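Descriptive analysis of the structure
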Amino acid sequence: MNFIKNSIFILILISISSISAQESAKDFTIKYISNENIYIDGGSIDGLAVGDTIIVMRKNTRIAVMTINYTADHSAACTIVSQSMQVQPGDLARPLVLRQQEKFETVSSPLKTRKTILRQKTQTKQNDMKIRGSVSLQWYHFEDMSEGNFSFDQPGGRLNLRMKNVFTKNLNFRIKTKSRYNKRMTHLSGTTARNEWRNRIYTVSLSFDDDNAAINYKLGRIISNKFSGIGYIDGALIQHNTTENLRYGVFAGTQPQWQYADFQTSIQKYGAYINYLQGQYGGKRFESTLAAAGEYHGAEVSREFVYLQNSFSSQQFNLYSSAELDVNRDWRKDKSGENISLTNLYLNFSYAITRSITTGLSFDDRKNYYTYEIRSVADSLFDDAMRYGARWNLNLRLPGNYRVYANAGIRARETDTENTYSGALGVSKNNITDHNLYVNFYGSGFQNYFSTGFNASLRMGKYFRAGHNVNMSYGNYSYVLSTTNTTRSNHWLRLNGNLQIFRHIYLDENYEYIWGSDSPGHRIYIEMGYRF
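Computed from a prediction, not measured in an experiment: that's the story for all the values here.

A few points about the overall build of the chain
Check the secondary structure of the chain and you find 4 helices and 28 strands. Taking all 532 residues of the chain together, 41% fall into the buried category. If you take every contact in the chain between residues at least 6 apart in sequence, the share linking residues at least 24 apart comes to 50%. Carbon and sulfur atoms form 57% of the exposed surface of the chain, whose accessible area is close to 28500 Å².

Below, the structure written as structure tokens:
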């Protein structure tokens, strides 16, 4: 327990000592929100870069913290780190770190003008290659207080690096990877090592990306947002930009190992795609991709399928859909009993009724498919995983800095005699006695054939200047097993801090104490990183 007390004391001490103020030199505006990103009207020319922290303000109130994951000349795509209210177009976007670019000014002195021009040329040459991203060290510890003694330590690290204009313009390098070491106090089974490294490479690629060039390409472990359902490929992709709106491409390589994403050569992957794009973000925009892919173990088929992805957006509504259609032959036809199978269908629609009311509806229908690696799995396990369902959601912004959000869903499986019902309700409020103090209540519940459960939590926190966020929360999770009519209940108390130390260094901390029926214990997570 002394270790736990000392760890908590260190976390609190670091949180208090690291809070300091920084001011931004220029503000921007949120212009568009898609399913994956939030776009602001400032880009690399304005001094913004990948990894920068953006504070979202509304009526002098901090409502969210974002990070930039992509920049163009006059726009940037961001993702939410934390938020107390839903971000909307028109909200103020305030960067914490703004890279001021030296601008040329006309001067009367010819000598001074020449020096200014030379300085500009030198700076432009030095800035041809841009390096952005982050690197961090992590430590996760679980101290199990149950009789099973499932305590473990998990040190690790991750790297997210993006290099633009490597050697030449528009030649980019990207690597995203994570490593962790599992150190268990108890040996779980004969197939699970007590101590082991787990390394995962998400992306490592070299790509030439230029919409004005006839040919673009990618090499390495790659995945494309144009056809994300195709999955990862260890190989190459070549794209031909036929017109401003139309492009097509081919890809070939090997399929990463499905469980831990390790490199392997036993499964080859080939395919082609065609993409059409019309419009820009902030207005009406339509994009559609049709792709076909095949996976093979030598001469034997592993999977063959067609993938279709569509998205349409405007300032008021967004529509997204994706579908996978498997073509079954040889042993896959014998397994499935079908020539063609719809294995995945997803639809999502969101509509802004007013600036304060947004609603949405989603539907998904998923069916497992056999591949060469798992074709020996019993049919009953696949039947258990066939499922489909729908979910409705609603977001309200109310006077007094209140926000209410709710959702409800229904889901069914092929083998279930009863459907699964679930729902959630959340209420949050900003500006409680202080401009940056917030409180949030969240409750959810579910009911199915096996059990009925409910979860409730209350969180209170404060945003500080320079992007710091400290909060504390309490929660309870209870459920009843239908077969035995047994009730089990668990409680947790959590302290979390997200801190910006100095200019580029950040520190994330989380301490959690859990007590109750299932897994009582202490959890500690610390991550320190550097954004460059």
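A look at the environment of arginine 247
With respect to the helices and strands, arginine 247 occurs in strand S13 (residues 246–254). Along the sequence, arginine 247 and alanine 214 sit 33 residues apart, while their C-alpha atoms lie 9.4 Å from each other. Ignoring any residue separated from it by four or fewer positions in sequence, one finds arginine 247 in contact with Lys226, Gln239, His240, Asn241, Thr242, Ile274, Asn275 and Leu277. Within the structure, arginine 247 has its side chain in polar contact with the backbone oxygen of glutamate 244 (distance 3.1 Å).

Some points on unusual backbone geometry
For phenylalanine 167, which is not glycine, the phi torsion reads 70° and is therefore positive. One non-glycine residue, asparagine 170, adopts positive backbone phi at about 70°. Take asparagine 170: it is sitting in the loop between strand S8 (152–164) and strand S9 (171–184).

Here we look at the confidence of the model for the chain
In this model, the chain carries a mean pLDDT of 84, and residues with pLDDT of at least 70 account for 86%. The low-confidence segment residues 7–25, where pLDDT is below 50, has 32 contacts with residues more than four positions distant or belonging to other chains. Across residues 97–127 the pLDDT falls below 50, and counting only partners more than four positions away or on other chains, this stretch makes 27 contacts in the model.

Focus on the pattern of salt bridges
Using the criterion set out here, one finds 20 salt bridges in the structure. Of the charged contacts, one joins aspartate 330 and arginine 329 as a salt bridge, the two residues approaching to 3.4 Å between their closest N and O atoms. Given the relative accessible area of 47%, aspartate 330 is considered partly exposed. Given a relative accessible area of 37%, arginine 329 falls into the partly exposed group. Residue aspartate 518 pairs with arginine 488 through a salt bridge whose shortest N-O separation is 2.7 Å. Of this pair, aspartate 518 sits in the loop between strand S27 (505–516) and strand S28 (521–531) while arginine 488 sits in strand S26 (residues 486–501), placing them 30 residues apart in sequence.

Observations regarding the sheet that holds strand S3 (residues 53–58)
One closed barrel accounts for 6 strands, arranged S1-S2-S5-S4-S3-S6; its pairing is antiparallel. Between one strand axis and the next, the sheet turns through 45° on average, direction left out of account. Where strand S1 (residues 28–33) and strand S6 (residues 92–95) come together, 2 bridges link them in antiparallel fashion. Directly across from threonine 29, in S6, lies its bridge partner leucine 92.

With respect to a nonpolar patch on the surface
A contiguous nonpolar patch, built from Tyr248, Ile274, Leu290, Val306, Leu308, Leu325, Val327, Ile340 and Leu342 and spanning about 720 Å² of accessible area, is present on the exposed surface. Of all the secondary-structure elements, those providing two or more residues to the nonpolar patch are strand S16 (300–313), strand S17 (317–327) and strand S18 (340–352). The residue leucine 325 is located in strand S17 in this model.

Brief notes about the pairing of S3
The element S3 is largely enclosed, with a buried count of 6 among its 6 residues. Of the two faces of S3, the one holding Thr53, Ile55 and Met57 and the one holding Ile54, Val56 and Arg58 are both buried throughout. Sheet analysis places S3 next to strand S4 (residues 61–71), joined by 6 bridges and oriented antiparallel. Within the sheet, the bridge partner assigned to isoleucine 55 lies in S4 and is valine 65. In this structure, the hairpin formed by S3 and S4 is closed by a connection of 2 residues, where lysine 59 is found at a positive phi of approximately 55°. As defined by bridge partners, S3 adjoins S6 across 4 bridges and the pair is classed as antiparallel.

A short note on the layout of surface pockets
Empty space within the second largest pocket amounts to approximately 580 Å³. Around the second largest pocket, the lining is made up of 26 residues, and of these Gln255, Pro256, Trp258, Glu295 and Tyr369 lie nearest the centre. Contributions of two or more residues to the lining of the second largest pocket are made by strand S10 (195–208) and S16. Its residues placed into classes, the lining of the second largest pocket shows 12 nonpolar, 7 polar and 7 charged.

A closer look at the side chain of arginine 403
Summarising the element assignment, arginine 403 is placed in strand S21 (residues 402–413). One buried charged residue, arginine 403, forms no salt bridge at all, with the nearest opposite charge on aspartate 91 at 10 Å. Setting aside its immediate chain neighbours within four residues, arginine 403 contacts Gln83, Ser84, Met85, Gln86, Asn395, Leu396, Gly426, Val427 and Ser428.

Focus: the packing of aromatic side chains
Under the definition given, this model contains 18 aromatic pairs. On the basis of an interplanar angle of 85° and a centroid distance of 5.2 Å, the ring pair of tyrosine 449 and phenylalanine 450 is categorised as edge-to-face. Note on tyrosine 449: relative accessible area 44%, which makes it partly exposed. Given a relative accessible area of 44%, phenylalanine 450 falls into the partly exposed group. One aromatic cluster in this structure is built from Phe312, Phe317, Phe349 and Tyr351.

Thresholds, definitions, all that
Residues numbered from 1 in each chain as written. Predicted model: local features only at pLDDT ≥ 70, side-chain atom pairs only at ≥ 80, totals over all residues. Heavy atoms only, no water. Helix = DSSP H or I, 4+ residues; strand = E, 2+ residues; numbered from the N terminus. Buried < 20%, exposed > 50% of the residue type's maximum accessible area, 1.4 Å probe, protein only. Contact = heavy atoms within 4.5 Å. Areas by Shrake-Rupley, 256 points an atom, 1.4 Å probe, with all protein chains shown as cover. Polar contact = N/O pair within 3.5 Å; in protein donor to acceptor, adjacent residues only side chain to side chain. pLDDT = per-residue confidence, 0-100. Salt bridge = Lys/Arg side-chain N within 4 Å of Asp/Glu carboxyl O. Pairing = 2+ DSSP bridges. Axes fitted to C-alpha atoms, helices over the stretch in contact; angles between N-to-C directions. Patch = residues over 30% accessible without salt bridge, like charges linked within 9 Å, V, L, I, M, F, W, Y side chains within 5 Å. 1 Å grid on protein atoms, 1.4 Å probe; cavity = no way out; pocket = protein on both sides within 12 Å on 5 of 7 lines; lining within 4 Å. Points joined across faces, edges and corners; volume = space filled by probe spheres on them. Nonpolar A, V, L, I, M, F, W, Y, C, P; charged D, E, K, R; others polar. Lys, Arg positive; Asp, Glu negative; His and termini not counted. Phe/Tyr/Trp six-rings, centres within 6.5 Å; stacked < 30°, edge-to-face > 60°.

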